[in-house]
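Residue strings, one per chain:
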Amino acid sequence: MTERASDDVTLRDDDVDAFFRVPFEVYPKDSPYVSPLKSDIERALDVRRNPLFGESGAGVRRVITAHRGDCVVGRIVAHVHGTSNRVHGERRGCFGFFDCADDAGVARMLLGEAERFARGHGCDVLAGNFNLTAMQQMGVLTDGFAGVPYSDMQYNPPHIPRLLAECGFAPTFPVSTFELDLVTLDPSSLLVGPAAERPADPALHWSELRARDFDRVLEQVRVVLNDGFARNPMFVPLSPEEMRFQAQDLSHVLDPRITALVHDDLGPVGVVLCIPDLNPMLRGMGSRLSITALWHFLRFRLRQRRRAVIIFYSVAERMQGRGLNGAMLHRVTSALKSAGYRSLGITWIADVNAASLRQVERLGARRLHRLHLFTKRISE
């Protein structure tokens, strides 16, 4: 662990315990922010365990916390995703997990360290939040601060984008998250045009994602995801190791009724990965595995669940534009209503993704949050 001091603030490297505590100490008690599990953060930042930092991802990172006396007042991860830069022909450095007290001096110190790290690895641009890639939590919340986030959604209070702007970062790449009222939704409204033909299409075979064969199914999900997202900005195909690392715990929280996996004769062709919203459970646990964690988990599993979230949906290129997306969403939303869920969150969709935005409009979802990447040119 290294330390650097400036005035009354000290920066430390690799103090993961302090890193986890930051948002609990700098954000109000009633903040909608919900932390991932402490163990998940530790695992994600472990360069020996996370394949993002191994040969397949060729990534590097620094984990930095800011301390004032005995208090932690900020954190940031500076990182470079080497594979992403090669795929997209960029020299972009990234920052993630930027959480900070409303203190411009602390923000400048943390972001300044991230800039130096990125320049030291040959980057000419710094952008974030990426926690840790574009396929995970991404962006800085710029509007919709009263909206309660679902699992896998980024959240920060209003002073974070202001501090970034004061440090020379500009908002770019606008995206939105959405929320759907399942109580008023009529799923049959999704079966219009080609979508009406897909449920009875004899060339398609429908199934669910089940925990008992999750490892096998996960590879099929990866194939569809990589195929369907290939043309999306910033997307980098996931290796089998990265997919397993990111999704290995989902089997414990899956509700198979609200998932969909579709095959044709050539293989997997469509997927909707939807899970119950874990944030109420995490908030009750304080995002820590403790003696009460099992009680919270059982309570979460047994009680009537009300909120679910679509982590992603994807259609292989050979079936795009043929109504499969609408048919899958019809199947999943029908199952959600039957199971008693009342609302559905949809993780970020970029403004440039016109097709997905049209689908959300057909669903009747409302915008929950507005987010941007914050970007700064750092070449000297």
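Residues numbered from 1 in each chain as written. Predicted model: local features only at pLDDT ≥ 70, side-chain atom pairs only at ≥ 80, totals over all residues. Heavy atoms only, no water.

1. Some points on the packing of aromatic side chains
Under the convention used in this document: To pair, rings of Phe, Tyr and Trp, with the six-membered ring standing in for Trp, must have centres within 6.5 Å; the planes then decide the type, stacked if under 30 degrees apart, edge-to-face if over 60, and tilted in the middle. Exposure categories follow from relative accessible area, calculated using a 1.4 Å probe and restricted to protein chains: below 20% of the type maximum is buried, above 50% is exposed, and the middle band is partly exposed. Starting at the N terminus, helices and strands are each numbered in turn, a helix being any DSSP run of H or I of at least four residues and a strand any DSSP run of E of at least two. The criterion for a charge sitting over a ring is simple: Lys NZ or Arg CZ within 6 Å of the ring centre, and within 35 degrees of the ring normal.
All told, the structure shown has 7 aromatic pairs when counted by the stated rule. Pairing Phe95 with Phe98 gives two aromatic rings, centres 6.1 Å apart and planes at 85°, and the pair type is edge-to-face. No difference in accessibility class separates Phe95 from Phe98, as the two residues are buried. Aromatic pair Phe95 and Phe169: ring centres 5.6 Å apart, planes at 80°, arrangement edge-to-face. Of this pair, Phe95 sits in strand E5 (residues 92-100) while Phe169 sits in the loop between helix H5 (159-166) and strand E10 (170-181), and the two are 74 residues apart along the sequence. Of the residues examined, Phe95 reaches a relative accessible area of 0% and is grouped as buried. Taken together, Phe95, Phe98 and Phe169 form an aromatic cluster joined through their ring pairs. Here the basic side chain of Arg75 rests over the ring of Phe19, its NZ or CZ set 4.5 Å away from the ring centre.

2. Quick word on helix H2 (residues 38-45)
Test applied: We call two residues in contact whenever any of their non-hydrogen atoms come within 4.5 Å of each other.
Listed as buried for H2 are Lys38, Ile41, Arg43, Ala44 and Leu45. For H2, the elements touching its buried residues are helix H1 (16-26), strand E3 (59-68), strand E4 (71-81) and helix H7 (240-247).

3. Points about the environment of His121
Among the structural elements, His121 can be located in the loop between helix H4 (104-120) and strand E6 (125-128). On a C-alpha basis, the gap between His121 and Arg49 in space is 22 Å, while along the polypeptide they are 72 residues apart. Once you skip the residues sitting within four places of it in the chain, His121 turns out to touch Val60 and Val80.

4. Regarding empty space enclosed by the protein
Formally: A cavity, in this analysis, means grid points on a 1 Å lattice covering only the protein atoms where a 1.4 Å probe fits yet has no way out; a pocket is instead an open set bounded by protein on both sides within 12 Å along at least five of seven lines, and a residue lines either one if it has an atom within 4 Å of a point. Grid points are joined across faces, edges and corners, and a volume is the space filled by probe spheres set on the points. Each residue gets one of three labels, nonpolar for Ala, Val, Leu, Ile, Met, Phe, Trp, Tyr, Cys and Pro, charged for Asp, Glu, Lys and Arg, and polar for the others, Gly among them.
For the structure shown, the criterion picks out 3 cavities of 30 Å³ or more. For the largest cavity, the calculated volume is near 230 Å³. If you go around the largest cavity, you meet 23 residues; those closest to its centre are Leu52, His81, Leu132, Thr133 and Ala134. Listed by contribution, the elements that provide at least two residues to the lining of the largest cavity are E4, helix H3 (82-88), E5 and H7. No other element matches H7, which puts 3 residues into the lining of the largest cavity. By residue class, the composition of the lining of the largest cavity is 13 nonpolar, 8 polar and 2 charged. Size it by volume and the second largest cavity reaches roughly 90 Å³. If you trace the second largest cavity, you find 13 residues lining it, with Tyr33, Val34, Gln137, Gln154 and Tyr155 closest to the centre.

Remember that the coordinates give geometry; whether it matters functionally is a separate question.
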